[in-house]
Amino acid sequence: KEKTDAKKIIQCKYCLEDIANKNFMRHLKRNHSTEKEVESIFQYPKNSKERRHALGILRNETNFNLFIKGTIRPNRNRYKNLVEHEKYYPCAYCKGLFFKEYLRRHVKNCIAIKTHANASQVELKKNVLSRSHTITACAVDPTNVISKLNVKEQYLVFVFWVFDLMKADDIAFEAKKDLLIAHFGNSYLKKLKRERMAYACSTRMRELSRLLISFRKIIYNENVSFKDILHPKHFDMVITAARHIVGYDSFKRKFKSPSLAMHLGTSLKFTCDELTHLIVQESEGLNVSRLLNVNWLENVKNFKKLVESRWNIELGPLANKDLQEKRWKKPLLLPLSILTESEKVLTGKYKRVINSGKGSKAVVILIPEIIQDFINILLDNRSKYIPSDNEYVFATPGSTIKWEAISSNKLRKQIATVRKQIATVMQILNLTRDETKQFSDFMGHTQKTHEQFYE
Ligand SMILES: [Zn+2]
Ligand SMILES: [Zn+2]
């Protein structure tokens with residue numbers, strides 16, 4: 001270890017000169033002994049652990065600043081040929097640079113953590129990669145707005161808490177580095193100050209980050225930040241980027257993650273408000289003259305209008321239908337204890353089946369016990385008559401199509417019978433007015449049908 005240390009070069013933080021590690025102490029003593037930090041290093045006895053640690057912190061600080069500018073001086077130089085920027089993670093506490101795999105091990109013995117005054121050691125040792133991303137993101141921000149806000153405004157502590165909860169991947173890293181996404185997260189938390197909101201906030205921020213990354217790919221520009229995309233001329237590309245990340249299949253007209261399309265629309269409007277707010281306040285992070293701001297405000301306003309009027313048309317209705325269909329497929333299970341006595345009777349007597357009917361409206365079918373018995377008989381004997389690729393419950397034997405033998409007249413009669421039976425059951429149950437209303441909602445009836453039919 002001594003050998004590699006001797007070869008190390010250290011940049012002097014005061015005169016910016018590169019000094020060999022073995023001469024560094026001497027250099028500090030000769031040239032910078034009046035600096036406060038240097039004084040505090042020399043207050044410790046020669047060759048003491050404390051002096052070495054204090055020097056280490058000073059050295060890490062300079063190396064960290066070099067790292068942000070693109071020069072790597074890792075604490076452990078074991079992998080000589082591997083000096084790619086992304087491979088190194090600074091320790092959030094002592095700022096030493098380590099390999100991803102090594103950082104976790106380092107944190108267990110990090111001096112800076114041991115001397116950290118006001119936090120539990122166990123807490124500090126969690127999410128080390130994510131915390132590393134957080135301090136890097138703050139340092140990368142040229143205007144220092146993200147990190148400055150952290151100190152100035154107490155609520156931003158929350159956002160940093162969310163920052164550190166986030167997974168240490170590229171999506172989270174981009175979210176942390178983006179001024180607008182960070183501000184979005186901050187306001188989102190301010191609006192909903194509940195503990196679990198931290199996770200929701202992290203999710204929303206990640207979604208925006210994915211949109212940003214997807215947008216960058218479309219316009220072949222890695223340097224675009226979120227504030228740049230909120231412009232009317234980019235709207236179509238934002239739609240394309242959104243379709244891309246929600247997994248829109250234009251052939252099937254379906255989404256892989258329909259709820260994401262909805263969330264994105266809401267979050268985009270929110271970011272428009274947030275950006276407007278920052279422009280009006282002339283946030284130094286935006287760095288734009290007052291004259292240009294008027295145009296900018298206008299563009300953000302128009303972009304928001306487009307989201308309001310077009311998002312649902314481009315992504316909404318289809319996404320919404322998709323979302324509902326996915327919900328139908330998952331049965332909603334209610335604990336029996338919350339049901340009234342009469343509801344419990346109903347659950348025992350009827351099975352509820354949801355059929356995707358016209359448009360996006362779900363058609364609810366209640367199947368009484370006797371019909372369930374008949375259907376079970378059909379199902380038990382099905383394999384003898386119906387090919388396995390026929391997906392209909394009421395299928396035509398030896399075919400893949402549904403059974404249409406019932407004349408519409410006959411069918412209507414059967415439906416009337418079932419309805420009459422339900423009405424009878426309801427009278428027996430002696431339902432209250434509320435329960436009756438609930439029941440008719442359950443059946444998918446309108447209030448009018450309900451009054452005509454049941455009262
Ligand atoms: Zn110097
Ligand atoms: Zn450390």
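See the structure shown above.
What counts and what doesn't
- Residues numbered from 1 in each chain as written.
- Chains lettered and ligands numbered in written order.
- Predicted model: local features only at pLDDT ≥ 70, side-chain atom pairs only at ≥ 80, totals over all residues.
- Heavy atoms only, no water.
- Helix = DSSP H or I, 4+ residues; strand = E, 2+ residues; numbered from the N terminus.
- Buried < 20%, exposed > 50% of the residue type's maximum accessible area, 1.4 Å probe, protein only.
- Areas by Shrake-Rupley, 256 points an atom, 1.4 Å probe, with all protein chains shown as cover.
- Donors = N, O, S within 2.8 Å, 3.2 Å for Na, K, Ca; no water.
- Tetrahedral: all angles 85-135°; square planar, octahedral: opposite > 155°, others 65-115°.
- Arc of directions from axis to C-beta.
- Contact = heavy atoms within 4.5 Å.

Q: For the overall build of the protein, give the residues involved together with the corresponding values.
A: The helix and strand tally for the protein stands at 23 helices and eight strands. When each of the 455 residues of the protein is scored for burial, the buried share is 39%. Of the accessible surface of the protein, which amounts to about 28400 Å², a share of 53% is contributed by carbon and sulfur atoms.

Q: Can you explain the coordination of the zinc ion (ligand 1)? Please cite residues and give values.
A: Bound to the zinc ion (ligand 1) are the protein donor atoms Cys12 (SG), Cys15 (SG), His27 (NE2) and His32 (NE2), situated 2.0 to 2.3 Å from the metal. Geometry at the zinc ion (ligand 1) is tetrahedral, judged from the four donor atoms that bind it and their angles of 99 to 127° at the metal. Accessibility expressed as a relative area gives 0% for Cys12, which makes it buried.

Q: So, helix 15 (residues 235-245): which residues are in play, and what are the values?
A: For helix 15, the complete set of buried residues consists of Phe235, Val238, Ile239, Ala241, Ala242 and Ile245. Looking straight down helix 15, one finds its buried side chains confined to an arc of 165°; they lie on one side. Looking at helix 15, the residues exposed on the side facing more than 90 degrees away from the buried face are Asp236 and His244. Positive backbone phi, at 70°, marks Gly247, one or two positions downstream of helix 15.

Q: Residue-level account of the coordination of the zinc ion (ligand 2), with values.
A: Here the zinc ion (ligand 2) is held by Cys91 (SG), Cys94 (SG), His106 (NE2) and Cys110 (SG), and the distances to it run 2.1 to 2.3 Å. Taken together, the four donor atoms coordinating the zinc ion (ligand 2) and their angles of 101 to 115° define a geometry best described as tetrahedral. Of note, the zinc ion (ligand 2) draws all its donor residues from one chain, in the sequence arrangement C-x2-C-x11-H-x3-C. When sorted by exposure, His106 lands in the same class as Cys110, which is buried.

Q: Can you break down unusual backbone geometry residue by residue, with the values?
A: Of note in the backbone geometry, Leu16 takes a positive phi value of approximately 60° without being a glycine. You can see Leu16 is positioned in the loop between strand 1 (9-11) and strand 2 (18-20). A positive phi angle is found at Asn127, which is not glycine, with a value near 45°. In this fold, Asn127 is placed in the loop between helix 7 (121-124) and helix 8 (128-140). Take Asn127: its relative accessible area is 35%, and that puts it in the partly exposed class.

Q: How would you summarise the side chain of Ser202 if you had to cite specific residues and measurements?
A: You can see Ser202 is positioned in helix 13 (residues 197-219). On the accessibility criterion, Ser202 (11% relative accessible area) is buried. Excluding its chain neighbours within four sequence positions, the residues that come into contact with Ser202 are Val162 and Met166.

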